[in-house]
Amino acid sequence: MDSQINIKRSMEWKEFETTFSVKLNQQQKEAVQSTKGPVLLLAVPGSGKTTVLVTRLGYMIYCRNIPPESILTVTYTVAATKDMSERFAVRFGEDMAKRLEFRTINGICAMIIQYYGRRIGKTPFELVKDEKATTGMLIKICQDHGMGYPTESDLKNVRTLITYIKNMMLNEEELQKLEEESDIRIAGIYREYCRQMREQKLMDYDDQMLYAYNILRKDPGVLAYFQNRYPYICVDEAQDTSKIQHAIIALLAAGTGNLFMVGDEDQSIYGFRAAYPEALLSFEKKHSGAKVLLMEENFRSNAKIVEAADKFIQKNTLRHEKHMRAAREAGADIREISLKSRKAQYVYLMKAAQECTTGMAGMSGSEEHRGRADASVTETAVLYRDNECAIPLIDLLERKNIPYRMRNADLSFFTHRTVLDVQNIIRFAMDPKDTELFMQIYYRLKLFFNKKDALRYAQISQEKDMEVLDAALKYGNLEKYQEDNIRNLKRQMVRILNMPGDEAVNQILTYMGYQDYLKKMGMNANKLETVKLIGSRVESPEKLLERLEELRTIIQEKVSDKDCPFILSTMHASKGLEYDTVYLLDVMDGILPEKVLANPRTASKEELETYEEERRLFYVGVTRAKNQLNVFTTNKPSKFCSELLGKRNLRENQQKEYVGIKKWGDYSPAGTYGIKGNGMYHGYGTGHGSQKQPGKSYQELADALGEGMIVKHKKFGEGVVVDMEGEHIRIQFGDNVKNMDLKVLARLGMLEI
């Protein structure tokens, strides 16, 4: 495009359309032409918001004679600033693109701080660009506040909380409330971190925003300078902007009121980073004379995906009224892949990866793949909530040497406290004289003695070259129940070494007291489900340790082939992207969503906000698919999949309460599912009470059971479900694992949950 086009003369719209080949629908056109006053543009997924933003900049310059230097465009990431500048240059010319300001919020804050420093004759604090520079300081602070030696995962959690505190502008009362909800002493850690940063004249990226905000608020001269410099402000991805960022933007825009914000609260998924979608919901209240515009046409996905996604998100309450509609015609149906277990997802995806990377050689004519796009030339993405969801799949793909590409690698799973604990317990079982390991695990198991005694037993063990637990038995002067627990633990330590990896982890959780420790500490064992899935492919705990270390190295050092069409990504990292085919992995209650709200109407504000963000995350995953969307359903319930597929979730039809333990075979209300608490079994059924329904109880039992559940057998007593495949179930009773037939168990009423 000729950058010398005369901008002294205002173009009419028709001339602008013709000159720059602009093709927009009516909603997009209205957004482009709205250049004055506060405007909020709500853009559904795939509606062309970047095209509109870029075109609007051109319209302001060529049709409204607004100098490009007076327009500030704020983007969420550095990559987005570069992308938008390049897209503007393609349409309106390189020279004009160079005259525009595309910046992140931190880029603007850096300008404000530098300007203020020159104004008062002082050098600003040094910006810490690599957080590794402050890791040593943060470790020491955490240790001083009772965290022991924090793992990489612990440090990541602490940094996330510090970022949240600053971005949400929490006051002292709110900070204390956050600490009460957290399992660490974050208030003290935060205050000391801030003190030491100031003392060393350092600032992190969050400090940079706080300092810039305070400068604008306290120095009218600085505020006036930037308000005059940028009388027009455009903000992209406004739903991901934090409270402090919105406050900075509001100050800058207050001079003229010419603020154009583009976002969609339905796609706000960064609550853990302090994203503040409430700013969109309150936009009209905060900005006098504000206008809210909609872009509701999705150009990305086939009509069936769009319709289902829109129906799903309509159930959220914290949103503006809008409806996504499809520009494309209906294509392939959303495909439900019904499998018998969570584990089966990975085997299925392994085959999908093989087909994707080999062009489905020899299989293109099969019923299952007929009508699907050629996977050898199109991208297929597996999307999931957390990076750990992909680790069992990566394990399988690496074993089979199948190519794949990871969009984002994260190693925090491998240093999570629960994962390290289980590894340390296994290592101690392998070397029961290791006093260092003993001191890390003794209080996590059923040993019932204090640190002073533990240190004494460890010292005796070293002095006499004997196993630590033997030292406790011989020199401990213990109560009988303590001796019994130690002897039992010794037996378990020996036994787990002869078990497959997954059974060993189950043994540690259920029979060695680690599950009780987690419950006492308010922690869950979700990460250990992933460890068990990896452990199911190795023959011993020792091999499990080796494989975990191998996987960590593989993920850390993986060099992705950018041309590989099979992609693994979190839903967060897939934001703003699109793929021909999408598989949604691990969408099941307990993972996504982490917690299902029994009744949103009676939930607290915080519970509702958390739950609706999880719904938005699923919605973002669904709307990445262009042509084919695949969702897995397993023996675990999935509220989100049931809603998306328009299926009535039998586990949620009606709520009933049953006293005591539910016994299969005695009664079987269709689809009953629930949790036991306060002596009551809270279930969901069709209201048939306790009448037996022959022929149905097997399926209901199969649906309600899952790996890791504690059950009671009439003959063998209490046990733990180790594995389920079809009609067969493996249950561990004490030291023995029994293979059983589910149909027989259901028919005879042998099993209680």
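Coordinates for the structure precede this section.
Residues numbered from 1 in each chain as written. Predicted model: local features only at pLDDT ≥ 70, side-chain atom pairs only at ≥ 80, totals over all residues. Heavy atoms only, no water.

Visitor: Looking at this structure, how should I read the sheet that holds strand E11 (residues 335-338)?
Guide: In any sheet, the strands associate via hydrogen bonds between backbone groups, in a parallel or an antiparallel arrangement. One open sheet accounts for six strands, arranged E11-E16-E15-E12-E14-E13; its pairing is parallel. Both outer strands of the open sheet, E11 and strand E13 (405-406), are each paired with one neighbouring strand and no more. Two strands pair when backbone bridges link them, and strand E15 (residues 579-584) and strand E16 (residues 625-633) are joined in this way by five bridges, in the parallel orientation. Directly across from threonine 581, in E16, lies its bridge partner glutamine 628. Strands in contact with helix H17 (residues 342-358) are E11, strand E12 (380-384), strand E14 (566-570), E15 and E16; relative to E14, the strand with the most contacts, it is inclined by about 135°. (Pairing = 2+ DSSP bridges. Helix = DSSP H or I, 4+ residues; strand = E, 2+ residues; numbered from the N terminus. Contact = heavy atoms within 4.5 Å. Axes fitted to C-alpha atoms, helices over the stretch in contact; angles between N-to-C directions.)

Visitor: How should I be thinking about the packing of helix H7 (residues 135-144) against helix H8 (residues 152-167) in this particular structure?
Guide: Packed helix pairs are specified by the crossing angle of their axes together with the interaxial distance, meaning the distance between the axes. The geometry of H7 relative to H8 is characterised by a closest axis approach of 11 Å and an angle of 95° between their N-to-C directions. Regarding the angle of H7 to H8, the classification is roughly perpendicular. Across the interface between the two elements, Thr135, Leu138, Ile139 and Cys142 of H7 pack against Leu155, Val158, Arg159 and Ile162 of H8. Its residues assigned to classes, the contact of H7 with H8 shows six nonpolar, one polar and one charged. (Parallel < 35°, antiparallel > 145°, perpendicular 65-115°, else oblique. Nonpolar A, V, L, I, M, F, W, Y, C, P; charged D, E, K, R; others polar.)

Visitor: Explanation requested: the side chain of aspartate 236 in the structure shown.
Guide: Within the element layout of this structure, aspartate 236 appears in the loop between strand E6 (232-235) and helix H13 (243-253). Overall, aspartate 236 belongs to the buried group, its relative accessible area being 6%. Separated by 2.9 Å, the side chains of aspartate 236 and lysine 49 make a polar contact. Leave out the neighbours within four places in its chain, and aspartate 236 touches Lys49, Leu53, Val74, Thr75, Met84 and Val262. (Buried < 20%, exposed > 50% of the residue type's maximum accessible area, 1.4 Å probe, protein only. Polar contact = N/O pair within 3.5 Å; in protein donor to acceptor, adjacent residues only side chain to side chain.)

Visitor: Could you clarify how one ought to interpret the sheet that holds strand E23 (residues 736-741) in this entry?
Guide: Across the sheet, which stays open at both edges, the five strands sit in the order E23-E22-E21-E20-E24 with antiparallel pairing between neighbours. This sheet does not close on itself; its edge strands, each paired only once, are E23 and strand E24 (751-752). Strand direction decides the pairing type here: strand E22 (residues 728-733) and E23, joined by six bridges, are antiparallel. The partner of arginine 730 across the bridge, within E23, is asparagine 739. Each of strand E21 (717-725), E22 and E23 is contacted by helix H24 (residues 501-511), which is oriented at about 150° to E21, the strand it contacts most.

Visitor: Would you mind showing me how to read the packing of aromatic side chains here?
Guide: Here a ring pair, both rings aromatic, is described through the centre-centre distance and the interplanar angle of the planes. Scanning the entire structure with this criterion turns up 32 aromatic pairs. Both rings, one in phenylalanine 16 and one in phenylalanine 92, keep their centres 6.0 Å apart while their planes meet at 15°; by these two values the pair is stacked. In this pair, phenylalanine 16 sits in helix H1 (residues 13-19) while phenylalanine 92 sits in helix H4 (residues 78-92), placing the two residues 76 residues apart along the sequence. Relative accessible area serves as the criterion here: at 0%, phenylalanine 16 is assigned to the buried category. Residue phenylalanine 92 is classed as buried on the basis of its relative accessible area of 0%. Aromatic side chains tyrosine 76 and tyrosine 270 sit 5.9 Å apart centroid to centroid with 40° between the ring planes, which places their arrangement in the tilted category. Separated by 194 residues along the polypeptide, tyrosine 76 in the loop between strand E2 (71-75) and H4 and tyrosine 270 in the loop between strand E7 (259-263) and helix H14 (278-281) bring together distant segments of the chain. On the basis of relative accessibility, which here comes to 28%, the residue tyrosine 76 falls in the partly exposed class. Grouping aromatic residues by their ring pairs yields a cluster made of Phe428, Phe438, Tyr442, Tyr443, Phe449, Tyr457, Tyr514 and Tyr517. Just above the ring of tyrosine 404 sits the side chain of lysine 558; from NZ or CZ to the centre is 4.1 Å. (Phe/Tyr/Trp six-rings, centres within 6.5 Å; stacked < 30°, edge-to-face > 60°. Lys NZ or Arg CZ within 6 Å of the ring centre and 35° of its normal.)

Visitor: Explain empty space enclosed by the protein to me, please; I cannot follow it from the model alone.
Guide: By rolling a water-sized probe across the atoms, one finds the places where empty space is left. What the rule picks out here adds up to two cavities of 30 Å³ or more. When its volume is computed, the largest cavity comes out at roughly 50 Å³. Around the largest cavity, the lining residues are Tyr384, Asn387, Ala390, Ile391, Ile394, Met406, Asn408, Ala409, Asp410 and Ile555. Across the lining of the largest cavity, the residue classes tally to seven nonpolar, two polar and one charged. (1 Å grid on protein atoms, 1.4 Å probe; cavity = no way out; pocket = protein on both sides within 12 Å on 5 of 7 lines; lining within 4 Å. Points joined across faces, edges and corners; volume = space filled by probe spheres on them.)

Visitor: Please clarify how the environment of glutamate 126 should be interpreted in this entry.
Guide: The topology assignment puts glutamate 126 in strand E4 (residues 126-127). Here the alpha-carbon distance between glutamate 126 and methionine 197, two residues 71 residues apart in the chain, equals 9.9 Å.

Visitor: Is there a simple way to explain H4 in this structure?
Guide: Along an α-helix, residues three or four apart share an orientation, since each turn contains 3.6 residues. Over its 15 residues, H4 runs 21 Å from end to end, which matches the ideal 21 Å to within 8%, given 1.5 Å per residue. When H4 is considered as a whole, its buried residues turn out to be Thr81, Met84, Phe88, Ala89 and Phe92. Buried residues of H4, viewed axially, fall in a sector of 140°; they line one side. Structural note: H4 exposes Ala79, Lys82 and Val90 on the side pointing more than 90 degrees away from its buried face. Each element contacted by the buried residues of H4 is listed here: H1, helix H3 (49-62), E2, helix H5 (94-99) and strand E3 (101-104). (Expected span 1.5 Å × (residues − 1). Arc of directions from axis to C-beta.)

Visitor: Please clarify how the packing of helix H19 (residues 417-430) against helix H27 (residues 541-557) should be interpreted in this entry.
Guide: Close contact between H19 and H27 brings their axes to 10 Å; oriented N to C, the two are set at 135°. Classed by the angle they form, the pair H19 and H27 counts as oblique. Considering how the two elements wind past one another, H19 and H27 form a crossing that is left-handed. Contacts from Gln423, Ile426, Arg427 and Met430 in H19 reach Pro541, Glu542, Leu544, Leu545 and Leu548 in H27. (Left-handed = near helix turned anticlockwise from the far one by under 90°.)

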